[in-house]
Amino acid sequence: MASTMSHFAVNPTIPRALLVAEIFSNILSYIKVDDCIGFWPAEYATSSAPTLFALALTCRAFSQQALDALWHTLRGIEPLIRCAGIISAPGRLQAENDYPISPTEAQLAIISRHGHRVRSLEVDIGCWQHNCHVEPFLRTLASSSKVLVPNLRRLKIGFPCESLHLALPLLGLHLQHLFISIHDCEKDDHRSHTVLQSLLSSCPSIESLTVLKSWHLDCARDVPFALSASHAIQTMQKLRAITVPAITKDALIYLGGLPSVVRISSHLPTGSDLEDILDPSRGSILFENVDGVHWEIKEWQDVEVFARLWPRKLTSMSLQSEVKFDPSLLQVLFDSLHTHEAFRNLQCIYLSESRDCQFSTTIVITIDTLRPLFYLGRLRVVDIDTKSCLSIGDNDLVEMAEAWHCLEVLLLNRTHGSMSGAAPLQRRVALPVVVRFVELLPSLKRLCIGITLSTVVDDYVMVTKNLRALEPRDSGSRLESLMMNYPCDEEYIRKTFRSKLDILLKKLFPQLKPDPFGLGFLCSDTM
């Protein structure tokens, strides 16, 4: 039964439906759109804080739920410090030498009154660098046993390694999701060790642990806390998802025996370690409920061992290689995927090369390399992102549609383009074939493909009057995102028919919304 919000006397002009907590909560969920900021231009999203604040002041019946929504998600702890009067409001002068910050009991009580409402908190490196009050405030709390946000469920921190121990006042008993972003390194891992080892006692409810390093840090050499993270992992009883730059063999064996674990992301262990971990003679059931893995790989021999010995069925697999994809090695991998029982139910496959890999116009990945994947009929997501030439032609795309009936996402070299124009034999998809492909796959939502504009004049009457007269294509397609990469040497065609192509694409794909960033559906290859 729906609960009423309170027994307070309220204005009789307020609709009674708004006094039902579930209804008002649903209304608040539409007001809270701040998560869009950062992904959309400013004109597409505005802060919900003023509206929520106004609702909290409207009447007592609205106050508690509106305040809960207002404080639910914070970026930085400055609002908590500011509400207690410890620092000045924005726009007012604040002395930068007010150190140390020593809040009074009354100020801590005010912070506690609002801090218990916070469920998600992000304190990234930007908040740390641009606000001189965060560090001294946390340093004061770190010397006590106080927890700033006791009901926090999700925490994302980007502290410098030397200050990582100051995150301790943010760790509470109800924390479920912890995200640590590392931008630098320290010679010894004492501070990071302190934080990671405290997780067992401070955060017994941790379900997901994510430790990401900046791209310029080498996993083995520059991130000494990898060992501490592995030790900490072996104390966590409720882990469901784990992402760490590197993991020890013992920690991986522990995760394999933990029935709650469903996702693992780390460096792929060496082939010899994998043979030891996955040795059938162990007799124990490992990785019983793991349905998704993401491996960063150094040696393809290790991938072969993984594909041969992995014991449990996976639905999602992601491989990020530190070496260039070799078509022959890829084909061997794909052959093993459709013959090994553990991979026959794959629904999502992601393949990418690291940022250190060089561009190559001599390595060409063709449909023959990908064809073994056609036996995996349950694939919904295929994302292959390389810095090599990906040569896919008209018939190849149709063959994909016939093999992958459930496909929802197909992304081929989405970052740098297909680059097949640099290959000895160009193979690109014509625009009408893209239209047919979308029609053959009614479940398709996202598509990135290499096309050619060289045939567009033959395929369509590129006259503005005729194009405007075209009826928008009637389609039941669910396509939401489309990016078509054309060769650099066809840029002149794009420039010549720019406005006409824009009209044509709107007619062919009327269900697609305008791109808020103004990028359109066509993009030139990187090379």
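Note that the structure is predicted; figures quoted are calculated from it, not measured. (Residues numbered from 1 in each chain as written. Predicted model: local features only at pLDDT ≥ 70, side-chain atom pairs only at ≥ 80, totals over all residues. Heavy atoms only, no water.)

Novice: Please set out the pattern of salt bridges residue by residue, giving values where relevant.
Specialist: Applying the stated rule across the entire model yields 13 salt bridges. One salt bridge in this structure joins K249 and D276, with 2.8 Å as the shortest N-O distance. Highlighted residues: K249 in helix α11 (residues 249-256) and D276 in helix α12 (residues 271-277), separated in sequence by 27 residues. Here K313 makes a salt bridge to E341, at a shortest N to O gap of 3.6 Å. Here the residue K313 occupies a position in the loop between α13 (300-309) and β9 (316-321), and E341 occupies one in the loop between α14 (327-339) and β10 (348-353), the gap between them amounting to 28 residues. (Salt bridge = Lys/Arg side-chain N within 4 Å of Asp/Glu carboxyl O. Helix = DSSP H or I, 4+ residues; strand = E, 2+ residues; numbered from the N terminus.)

Novice: Run through the packing of aromatic side chains, naming residues and quoting values.
Specialist: One pass over the full model with this rule turns up 7 aromatic pairs. Ring geometry for F24 against F62: centres 4.4 Å apart, planes inclined by 15 degrees, an arrangement best described as stacked. On the criterion of sequence distance, the pair formed by F24 in helix α1 (residues 21-31) and F62 in helix α3 (residues 60-71) is long-range, its members being 38 residues apart. Residues F24 and F62 agree in their burial class; the two are buried. (Phe/Tyr/Trp six-rings, centres within 6.5 Å; stacked < 30°, edge-to-face > 60°. Buried < 20%, exposed > 50% of the residue type's maximum accessible area, 1.4 Å probe, protein only.)

Novice: Quick rundown of the environment of F374? Include the residues and the values.
Specialist: Within the secondary structure, F374 is located in the loop between α15 (367-370) and β12 (381-385). With 25 residues separating them in the primary sequence, F374 and E399 have C-alpha atoms 8.7 Å apart. Residues in contact with F374, not counting those within four places in the same chain, are I367, E399, M400, A403 and W404. (Contact = heavy atoms within 4.5 Å.)

Novice: Residue-level account of the nonpolar core, with values.
Specialist: By size, the foremost hydrophobic cluster in this structure holds 149 residues, and its most contacted members are L170, W310, M400, M484 and F509. Excluding its chain neighbours within four sequence positions, the residues that come into contact with F509 are V434, V435, V438, R473, L479, L482 and M484. Among the nonpolar cores identified, the runner-up in size contains 5 residues, and V381, V409, L411 and C448 belong to it. (Core = buried A, V, L, I, M, F, W, Y, C linked by side-chain atoms within 4.5 Å.)

Novice: So, unusual backbone geometry: which residues are in play, and what are the values?
Specialist: Positive phi values are uncommon outside glycine, yet F287 reaches one of about 55 degrees. Its identity is not glycine, yet N413 carries a phi of approximately 50 degrees, on the positive side. With respect to the helices and strands, the residue N413 is situated in the loop between β14 (409-412) and α17 (431-440). Taking the relative accessible area as the measure of exposure, N413 reaches 0% and is therefore buried.

Novice: Please give an account of helix α10 (residues 226-233) that cites residues and values.
Specialist: Along an α-helix, residues three or four apart share an orientation, since each turn contains 3.6 residues. Most of α10 sits out of view: 6 of its 8 residues are buried. By the burial criterion, the buried members of α10 are A226, S228, A229, S230, A232 and I233.

Novice: Tell me about the environment of E408, and please be specific about residues and values.
Specialist: For E408, the location among the structural elements is in the loop between α16 (394-403) and β14. Taking the C-alpha atoms as reference, E408 lies 9.8 Å from C348; in sequence the two are 60 residues apart. Leave out the neighbours within four places in its chain, and E408 touches R380, S443, L444, K445 and R446.

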